Amino acid sequence: MTTNAASTQPRFYEQTWDLSYRHALGSTVGVFLDGLKEGKILGRICPSCSRVLVPPRSYCDRCLVETGEWKQVANEGVIEMMTIVYEGFKGLPDPPYAIAYVLLDGASTALLGYVHGLDLTDMDAATKRLAIGNRVTVHFRSEPKGDVTDYWFEPAGSAGS
Amino acid sequence: MRNVGIIGVGQTDFVKTRTDVTYPELVREGALLALDDAGLTMNDIEAVVVPLAPDALIGIGNGERWLIESIGATGKPVMRVNNGGATGASAVEVAWTHIASGLFDVVLVAGADRVSESLSAQSVLNKMWDVAYERPYPQNTITMLAMSAMRYNHLYGSDERDMARVTVKNRRHASLNPHAHLRTIVTEEDVLESRMLSWPLKLGDLCPSSTGGAAMVLVSEEYAARLGKPVAWIRGLGQNTETIWMGDRVGPDVEGDHADADALKVAFQRAYAQAGLTDPKSQIDVAEIYAPFSSVEFHVIEAAGLCEKGEAPGLLAQGSFHLGSDGVVVNPSGGTQCTNPIAVTGTVRVIEAATQVLGRAGDRQVAGANVAIASAIGGDHQFYSTFVIANHLDPIGL
């Protein structure tokens, strides 16, 4: 019998990894999520360098000490960087959507969130409205889900979502 | 510590998919090429380091277990390295440590990737971010680098045409490299007119999902002397890490801006110090640097000390960094932007650096290359590996 490996048809085995996890988030995250229900963005102050870490973390990665006091920061701030996604990726939301890092007034570090409240289909206009340094305000879900998507940003002065 | 050299390298031709071989068979292909190049066999190898990125990317649980027989590693020490996109370079650093420490004389680094077998790559990559604060958003490697690109353009006045010039250069280089995946020459207009994915990154700014194997044989100076073959010496190497929090890379207290790669600069400086390299602009002939997207190449060039911050786009527009130009040639292989088999992408950077200083790079050879640098980046722009590779052990710059 003669065989020819080169002439064989490609064979495939398809498999989906249906993996489920339930991650405990810790009490520092818990306080932050509780704050969202009250319309507050909370940070943690490093007792050594005085940075206000937003989102709050229980330790300062620069000073290598535990953070201490909680501090509520403003519900408005400036865009530090952003992107508008126009391509769909399997397992991620349908486009278009905008995400941005926003430095809220009173915070030392920037917070990630969706940006709603503007038309993303006009890319040139949308990217100009979300330019670095432009101001945005924080909005909160009226019926909180209990995760970080309970808040989002909108360009300051926009009519709402 | 002992001197360590690269005595053999191997890489398959990178493509989108390979249906004729399994993952272990692909690792074996690369390993056999490297062993053949070194004039050695699997029996000569004392220890093996396997670069392998996150399991879910190739859908194989701990693939290092599946491949050991394919490269003759049973009965030998085997170590798997995973540093995200820096994996393939970090594996070379582990192999260097094996030999520099005096523990081993001849070590094989061998791996492969088949990224296109995952239909969910960006969803897998999303899982690296903080569970509570960031993973609920569709953060992934494309959005992360889109934000770096828009910030770089904002700070330094560059634009999408500058980014397109990187692609044009790298595709021209890749067209001369038989191992590269994307080898079609493109124009600036082709890139600018390609589909917008995550503003300002378009399809033409991105790397492909590549399949292929790569391997390298590293030896001690004593072992190299016995073989009597040309050696690409690892003269210096460095590593550094950066916070996962991109939001900490902006704002009033920023230490390393997300537009730049300051932590990578430190990694380069560590490698330069070990190598005795004091003037990157004049002492380096080739820079084979990890830049999966066009925009990344600018801040890596600057972190390597080849120019000041914000200068790379203007220099590129004036013709610098191209094959045939005066000064340092950047990514003569076409770079990660044209070939990205994630687990071994860092290995391929070091292979190209070694190939260039040994004068074996064929149509893409940089004339008179004696000193090359290589680098890789992993995670959320977090894990950095750097190398200085030379074809001699004399002081650099003399």
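Residues numbered from 1 in each chain as written. Chains lettered and ligands numbered in written order. Predicted model: local features only at pLDDT ≥ 70, side-chain atom pairs only at ≥ 80, totals over all residues.

Draft legend 1. Quick peek at the overall build of chain A. Across its full length, chain A holds 2 helices and 10 strands. Taken over C-alpha atoms, the radius of gyration comes to 22 Å for chain A, far larger than the 15 Å a tight globule of 161 residues would show. For chain A, the C-alpha atoms occupy an extent of roughly 80 × 40 × 30 Å along the three principal directions. For chain A, buried positions account for 33% of its 161 residues. Put simply, 50% of the contacts in chain A that link residues at least 6 apart link residues at least 24 apart. (Helix = DSSP H or I, 4+ residues; strand = E, 2+ residues; numbered from the N terminus. Rg over C-alpha atoms; globule rule 2.2 N^0.38 Å. Buried ≥ 20, exposed ≤ 12 C-beta atoms within 10 Å, placed from the backbone. Contact = placed C-beta atoms within 7 Å.)

Draft legend 2. Representation of the overall build of chain B within the structure. Secondary structure summary: chain B contains 14 helices and 12 strands in total. The C-alpha atoms of chain B give 19 Å as radius of gyration, which agrees with the globular expectation for 398 residues (21 Å, within 12%). Excluding contacts between residues fewer than 6 apart, the proportion of contacts in chain B whose partners are at least 24 apart in sequence is 78%.

Draft legend 3. Region of interest: the sheet that holds strand S1 (residues 4-11) of chain B. Residue and element names in this part refer to chain B. Taken in spatial order, the 10 strands of this open sheet run S3-S2-S4-S7-S1-S8-S12-S11-S9-S10, and their pairing is mixed. The open sheet has two edge strands, strand S3 (78-81) and strand S10 (329-330), and neither has a second partner. Here 8 bridges tie strand S11 (residues 371-378) to strand S12 (residues 383-390), and the two strands are oriented antiparallel to one another. For Gly-378, the partnering residue across the bridge sits in S12 and is Phe-383. (Pairing = 2+ DSSP bridges.)

Draft legend 4. Just unusual backbone geometry, in detail. The omega torsion across A:Pro95 and A:Pro96 is -5°, close enough to zero to call that bond cis. Position of A:Pro96 among the secondary structure elements: in the loop between strand S6 (76-85) and strand S7 (97-104). Along the chain, B:Trp199 connects to B:Pro200 via a cis peptide bond; the corresponding omega equals 5°. Relative to the assigned elements, B:Pro200 resides in the loop between strand S5 (196-198) and strand S6 (201-202).

Draft legend 5. Structural context of the interface of chain B and chain A. Each partner contributes to the interface: chain B provides 37 residues, whereas chain A provides 37 residues. Breaking the side of chain B that touches chain A down by element, the ones donating at least two residues are helix H5 (121-126), helix H6 (141-156) and S5 of chain B. Residue contributions to the side of chain B that touches chain A peak at 6 residues, all from H6(B). The class makeup of the residues in the side of chain B that touches chain A is 18 nonpolar, 15 polar and 4 charged. (Nonpolar A, V, L, I, M, F, W, Y, C, P; charged D, E, K, R; others polar.)

Draft legend 6. The arrangement of the pairing of strand S2 (residues 47-51) of chain B in detail. Residue and element names in this part refer to chain B. Burial runs high along S2: 5 of the 5 residues are buried. Side-chain alternation along S2 places Ala-47, Val-49 and Pro-51 on one buried face and Val-48 and Val-50 on a second face that is also buried. Examined bridge by bridge, S2 and S3 share 4 bridges and lie parallel to one another. Along S3, the bridge assignment pairs Val-49 with Met-79.

Draft legend 7. Expanded view of the confidence of the model for chain B. A residue-level look at chain B finds 100% of positions with pLDDT of 70 or above and a mean pLDDT of 96. For this predicted complex, the interface confidence reaches an ipTM of 0.95, while the overall pTM sits at 0.97. (pLDDT = per-residue confidence, 0-100.)

Draft legend 8. The environment of B:Ala132, seen in detail. Locating B:Ala132 in the fold gives a position in the loop between H5 and H6. By the C-beta count within 10 Å, which is 19 here, B:Ala132 ends up partly exposed. Each residue touching B:Ala132, except ones within four places of it in the same chain, is listed here: A:Leu25, A:Val29 and A:Val148.

Draft legend 9. Broad picture of the environment of B:Gln274. Residue and element names in this part refer to chain B. Among the structural elements, Gln-274 can be located in helix H10 (residues 262-275). Residue classification places Gln-274 among the partly exposed residues on the basis of 17 C-beta atoms within 10 Å. Those residues within four positions of Gln-274 in sequence are excluded, and the remaining contacts are Gly-236 and Leu-237.

Draft legend 10. Here's a closer look at the pairing of strand S9 (residues 135-140) of chain A. Residue and element names in this part refer to chain A. Note: S6 against S9, 3 bridges, orientation antiparallel. When the bridges of S9 are listed, Gly-77 appears paired with Val-136. Strand direction decides the pairing type here: S9 and strand S10 (residues 151-155), joined by 5 bridges, are antiparallel. Within the sheet, the bridge partner assigned to Thr-137 lies in S10 and is Glu-154.

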